[in-house]
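# Observations on the three-dimensional arrangement
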Amino acid sequence: MSRTDERSTGPFPDPPSPQSSGELPHGHGLRLCAWDAESDADVEAWFRGRADPDYRRWNTPLTLDEGLDGARESLRLRAESDAEGKTVSFRIADAQSGVTLGLVGLSGIDMSMRRAVVGYWVLPEARGRRVATRALDLAARWTLTDFGIHRLELDHVVGHAASCRVAELCGFPYEGTMRGASFEEGRHDAFRDAHLHARLATDPAPEGIS
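Calculation criteria
Residue numbers run consecutively from 1 along every chain, following the written order of its sequence. pLDDT decides what is reported in this predicted model: residues at 70 or higher carry local features, side-chain atom pairs at 80 or more are listed and counted, and totals for whole chains, interfaces and linings draw on all residues regardless. The side-chain values count all of the structure's non-hydrogen atoms but skip hydrogen atoms and water molecules. Each residue carries a pLDDT score, the predictor's own confidence in it, on a scale running from 0 to 100. The contact criterion used throughout is that any non-hydrogen atoms of two residues lie within 4.5 Å. What counts as a salt bridge is simple: a side-chain nitrogen of Lys or Arg found within 4 Å of a carboxyl oxygen of Asp or Glu. The helix count covers DSSP runs of H or I at least four residues long, the strand count covers runs of E at least two residues long, and both are numbered beginning at the N terminus. Here an axis means a line fitted to C-alpha atoms, over the contact stretch when the element is a helix, while the angle between two N-to-C directions is reported on a 0 to 180 degree scale. These descriptions rest on fixed angle ranges, namely under 35 degrees for roughly parallel, over 145 for roughly antiparallel, 65 to 115 for roughly perpendicular, and the rest for oblique. Note that Gly is not counted as nonpolar here; it falls among the polar residues with everything else outside the nonpolar set of Ala, Val, Leu, Ile, Met, Phe, Trp, Tyr, Cys and Pro and the charged set of Asp, Glu, Lys and Arg. When a residue's accessible area, from a 1.4 Å probe over protein chains only, is under 20% of the maximum for its type it is buried; when over 50% it is exposed; and in between it is partly exposed. Pairs of N or O atoms within 3.5 Å make up the polar contacts considered here, provided that, within protein, one atom can donate a hydrogen while the other can accept it, and that residues adjacent in sequence are counted only when both atoms are side-chain atoms. Only when DSSP finds a minimum of two bridges between them are two strands counted as paired. Here, nonpolar core refers to any group of buried Ala, Val, Leu, Ile, Met, Phe, Trp, Tyr and Cys residues whose side-chain atoms link them within 4.5 Å.

### Let's talk about the confidence of the model for the protein
- Here the protein shows a mean pLDDT of 91. Residues at 70 or above account for 90%.
- Below pLDDT 50 for its whole length, residues 5-15 participates in 22 contacts with residues either more than four positions away or in separate chains.

See the structure below:
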């Protein structure tokens, strides 16, 4: 899991969106879909993903969902942020069944510099199936082509070896350590270091992801 907080540099004129840029990303046995705050199934998946203890170990959201009602409200707020061009949020779905497997999305979008931050999480029952790797590769290819981003960053707290492996497999080399860049687990008053990875539109696409 990598961080998926609500960081953003603000809206930009006529932001592109997955819906306006053609067919949504798909491949590797996955489809990246829009979330629906009016869908009970989507709300339940959103809540379980963000409440999962392993997610909470490595991520401290700015706000915590208090039950399903809170999750529906935070999903609605994320949809508003997406509509304003501040973020892009994909529901990772199995291509055959349509079952939700997790989230991959963008924050920190700066179209003037053509830069963004990608993050993801995967539901507990979907782990061990390379879902994060496959979804990140799909999202990165779309972001660096259709969405027009040049530099796509990925960061995770130090010690999260699984996210380091996923980043490297998806063509995001390690660039350094950012001091005090993430909240400590469960706290908003203390900080921990994070590893920075990035992939450029001019970098060769990774091979062997399926």
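Resuming the write-up.
### Regarding the pattern of salt bridges
- Overall, the coordinates contain 15 salt bridges when judged by the stated rule.
- Between Glu44 and Arg48 there is a salt bridge whose closest N-O contact spans 2.7 Å. You can see Glu44 and its partner Arg48 sitting in helix α1 (residues 40-51), four residues apart, about one turn around the helix.

### A word on the packing of α1 against helix α3 (residues 67-83)
- Between α1 and α3, the least distance of the axes is 9 Å, while the angle of their chain directions is 100°. By the angle between their axes, α1 is roughly perpendicular relative to α3. Where α1 abuts α3, its residues Asp40, Asp42, Val43, Glu44, Trp46, Phe47 and Arg50 lie against Gly67, Leu68, Ala71, Arg72, Ser74, Leu75 and Arg78.
- For the contact of α1 with α3, the per-class residue count stands at six nonpolar, two polar and six charged.

### Topic: the environment of Gly102
- By the element assignment, Gly102 lies in strand β4 (residues 100-110).
- Exposure remark for Gly102: the relative accessible area of 0% places this residue in the buried category.
- Sequence spacing of Gly102 and Arg50 is 52 residues, and the spatial spacing of their C-alpha atoms is 9.9 Å.
- In this structure Gly102 touches Trp35, Phe90, Arg91, Ile92, Trp121, Val122 and Leu123, once residues within four positions along its chain are discounted.

### Digging into the environment of Thr63
- Along the chain, the position of Thr63 falls in the loop between α2 (53-58) and α3.
- In this structure Thr63 comes out as partly exposed when scored by relative accessible area, which is 48%.

### Overview of the side chain of His156
- In this structure, His156 sits in strand β6 (residues 151-157).
- Overall, the relative accessible area of 1% leaves His156 in the buried class.
- A distance of 3.1 Å separates a polar atom in the side chain of His156 from a polar atom in the side chain of His197.

### Digging into the sheet that holds β6
- Read across the open sheet, the eight strands follow the order β1-β2-β3-β4-β5-β6-β8-β7; overall the sheet is mixed. The open sheet has two edge strands, β1 (26-27) and β7 (174-183), and neither has a second partner.
- Looking at chain direction, strand β2 (residues 30-33) and strand β3 (residues 88-94) are connected through four bridges and run antiparallel. Each bridged residue has a counterpart across the sheet, and for Leu32 the counterpart in β3 is Ile92.

### Comments concerning the environment of Pro61
- Along the chain, Pro61 falls in the loop between α2 and α3.
- Taking C-alpha positions, Pro61 is 8.3 Å from Arg50, a pair spaced eleven residues apart along the chain.
- Each residue touching Pro61, except ones within four places of it in the same chain, is listed here: Arg50, Tyr55 and His188.

### Points about the nonpolar core
- With 32 residues, the main nonpolar core has Val104 and Phe172 as its most contacted residues.
- Of all the secondary-structure elements, those providing two or more residues to this core are β2, β3, β4, β5 (115-122), α4 (131-144), β6 and α5 (161-169).
- It is α4 that contributes the most residues to this core, nine residues altogether.
- When residues no more than four places from it in sequence are discounted, the contact partners of Val104 are Leu32, Val88, Ser89, Phe90, Ile92, Val118, Gly119, Tyr120, Ala135, Leu136 and Ala139.
- Core analysis: the next-biggest nonpolar cluster, separate from the first, contains eleven residues, Ala37, Val43, Ala45 and Tyr55 among them.

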